[in-house]
Amino acid sequence: MVTLHQLEVLVRVIESKGFSGAAKSLFTSQPAVSNHIRNLEGSFGVPLVHRTSHGARPTPAGEIVVEHARRIFEILDDLERAVAECRGPDAGRLVLAGTSTLGTYLLPHLLTEFAARAPKVACQIRVGNADAVESWLVRGEVALGLCAGPPRDDQLVAQGMFEEAMVLVAAPNSPLAGRSLIPADLAGQRFLMRESGSATRRLQESALRTWGLERAEQWDMWGLDTLKQAACQGLGMTVVSEHVIRQESDSGRLATLTVVPAPPHRTISLVRRADRVLTPPEEAFVALARAFPQWPA
């Protein structure tokens, strides 16, 4: 018998392009994921997943099952929203998404205030890079997302909340620390970059273009923590949000470099799908987020 959980596992395997990625996102083991897929294939009597050198890919039958599974989950979300409207703003569920910086460092601040106002609402945070957050919003898996800058998908609309500064940082023993710099002083330096698909990556690339350093040596670092640790170890310098390096700056593990022109600022936006009807808890969160003129302390 096909279960909703089996369908969810299949969708995660295809979206993650692998069993290990699906297991990580579902907080389970890879053998458990494989077992669910095996049972699902047994129920349908056809293979659903190809294991290739480029990751897991759906078979023709798998594409059909994934498409229908997403429609089923969207219907369930519509059902849950409709019932939540009957309960009012003080109950139900709130699913939010944020980019790596915003989901990790900003959303918990906002949810602390929200939970105090609506303690009976169950909350969930999803964190991914900008491309992942937009994908979740478009597919209706999350209602609201915090992103840096306007969305690229036409189905999404955004409302700017506040501005955030980006800063250039390096290990404290960098010979450039403590000096007033111009772009020419950065020539010959290695720059640590977020992975493609990240909003921070796009700002980093913009900064390098502004400084005329597009051809500088660049190392890709997957994940914000890896990026910061690499900078702390002196592997290179990087451009990041002023908020994500606060602990490292206070502890002396990273130094903020002063360069003119400074890295570009970015607008933090609350993003949603244009046609999505928000539930009372979602409307309450939107109202709360709009009340913050700057990054909460």
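Our subject is the structure listed above.
What counts and how
- Residues numbered from 1 in each chain as written.
- Predicted model: local features only at pLDDT ≥ 70, side-chain atom pairs only at ≥ 80, totals over all residues.
- Heavy atoms only, no water.
- Helix = DSSP H or I, 4+ residues; strand = E, 2+ residues; numbered from the N terminus.
- Buried < 20%, exposed > 50% of the residue type's maximum accessible area, 1.4 Å probe, protein only.
- Contact = heavy atoms within 4.5 Å.
- Areas by Shrake-Rupley, 256 points an atom, 1.4 Å probe, with all protein chains shown as cover.
- Lys, Arg positive; Asp, Glu negative; His and termini not counted.
- Charge placed at Lys NZ, Arg CZ, Asp CG, Glu CD.
- Core = buried A, V, L, I, M, F, W, Y, C linked by side-chain atoms within 4.5 Å.
- Phe/Tyr/Trp six-rings, centres within 6.5 Å; stacked < 30°, edge-to-face > 60°.
- Lys NZ or Arg CZ within 6 Å of the ring centre and 35° of its normal.
- Expected span 1.5 Å × (residues − 1).
- Polar contact = N/O pair within 3.5 Å; in protein donor to acceptor, adjacent residues only side chain to side chain.
- Patch = residues over 30% accessible without salt bridge, like charges linked within 9 Å, V, L, I, M, F, W, Y side chains within 5 Å.
- Salt bridge = Lys/Arg side-chain N within 4 Å of Asp/Glu carboxyl O.
- Pairing = 2+ DSSP bridges.
- Axes fitted to C-alpha atoms, helices over the stretch in contact; angles between N-to-C directions.

Asks: Can you tell me about the overall build of the chain, naming the residues and giving the values?
Replies: Within the chain, the secondary structure is distributed over 11 helices and 13 strands. When each of the 297 residues of the chain is scored for burial, the buried share is 48%. Long-range contacts, defined as pairs at least 24 residues apart, comprise 75% of the intrachain contacts of the chain with a sequence gap of at least 6. Total accessible area on the chain is roughly 14700 Å²; 53% of this is exposed by carbon and sulfur atoms. Of the charged side chains in the chain, 31 are positive and 32 negative; the average position of the first set lies 3 Å away from that of the second.

Asks: Account for the nonpolar core, with residues named and values stated.
Replies: Grouped burial of nonpolar side chains is what soluble globular proteins tend to show. Grouped together as the largest cluster of nonpolar side chains are 24 residues, with contacts concentrated most on Leu106, Leu110, Phe114, Leu144, Leu146, Leu270 and Phe285. Listed by contribution, the elements that provide at least two residues to this core are strand E3 (92–99), helix H6 (107–117), strand E5 (144–148), strand E6 (156–164), strand E13 (266–273) and helix H11 (280–290). Residues contacting phenylalanine 114, with those up to four places away along its chain left out, are Leu94, Val121, Cys123, Pro281, Ala284, Phe285 and Leu288. One finds Val9, Phe19, Ile37 and Leu40 within the second-largest nonpolar core, a separate group that totals 19 residues.

Asks: Could you give an account of the packing of aromatic side chains, naming the residues involved and the relevant values?
Replies: Tallied over the full model, the rule gives 1 aromatic pair. With a centroid separation of 6.0 Å and 70° between ring planes, the pair formed by phenylalanine 114 and phenylalanine 285 is classed as edge-to-face. Here phenylalanine 285 lies in helix H11 and phenylalanine 114 lies in helix H6, a separation of 171 residues in the sequence. Each member of the pair, phenylalanine 114 as well as phenylalanine 285, carries the same accessibility label: buried. Residue placement shows arginine 126 over the ring face of tryptophan 136; its charged tip is 5.2 Å from the ring centre. The ring of tryptophan 219 has arginine 190 sitting right over it, with the charged end atom 3.8 Å from the ring centre.

Asks: Would you mind going over helix H8 (residues 199–210) in detail, with residue names and values included?
Replies: A rise of 1.5 Å per residue sets the reference length of H8, with its 12 residues, at 16 Å; its end C-alpha atoms lie 17 Å apart and thus fit the reference within 8%. Buried within H8 we find Ala199, Thr200, Arg201, Leu203, Gln204, Ala207 and Leu208. Backbone nitrogen of threonine 200 and a side-chain oxygen of the N-cap are separated by 3.1 Å at the start of H8; the cap is serine 198. Positive backbone phi, approximately 70°, marks glycine 212, located one or two places after H8.

Asks: Just give me the short version of a nonpolar patch on the surface, but keep the residues and values in it.
Replies: Together, Leu4, Ile72, Leu76, Leu79 and Val83 make up a nonpolar patch on the protein surface, roughly 390 Å² of accessible area in all. Among the elements that make up the nonpolar patch, the one with the highest residue count is helix H4 (residues 60–87) (4 residues). Residue position: leucine 79 is located in helix H4.

Asks: Before we move on, can you summarise the pattern of salt bridges with the specific residues and values?
Replies: Enumeration over the complete set of coordinates arrives at 18 salt bridges. For the salt bridge of lysine 228 with glutamate 248, the shortest nitrogen-to-oxygen distance reads 3.1 Å. Remark: glutamate 248 occurs in helix H10 (residues 246–250) and lysine 228 occurs in helix H9 (residues 224–232); sequence separation between them is 20 residues. As far as the burial class goes, lysine 228 and glutamate 248 line up, both buried. What you see here is one network of salt bridges that share partners, running through Glu15, Arg70, Arg126, Arg139 and Glu141.

Asks: Account for the sheet that holds strand E11 (residues 238–241), naming residues and giving values.
Replies: The strand order across the open sheet built from 4 strands is E8-E12-E7-E11, with neighbouring strands paired in mixed fashion. The open sheet is flanked by strand E8 (180–181) and E11, the only strands paired with a single partner. Two strands pair when backbone bridges link them, and strand E7 (residues 166–170) and E11 are joined in this way by 4 bridges, in the antiparallel orientation. If you follow methionine 166 over to E11, its bridge partner there is serine 241. With respect to the sheet, H8 is in contact with E7 and E11, its orientation differing from that of E11 by roughly 130°.

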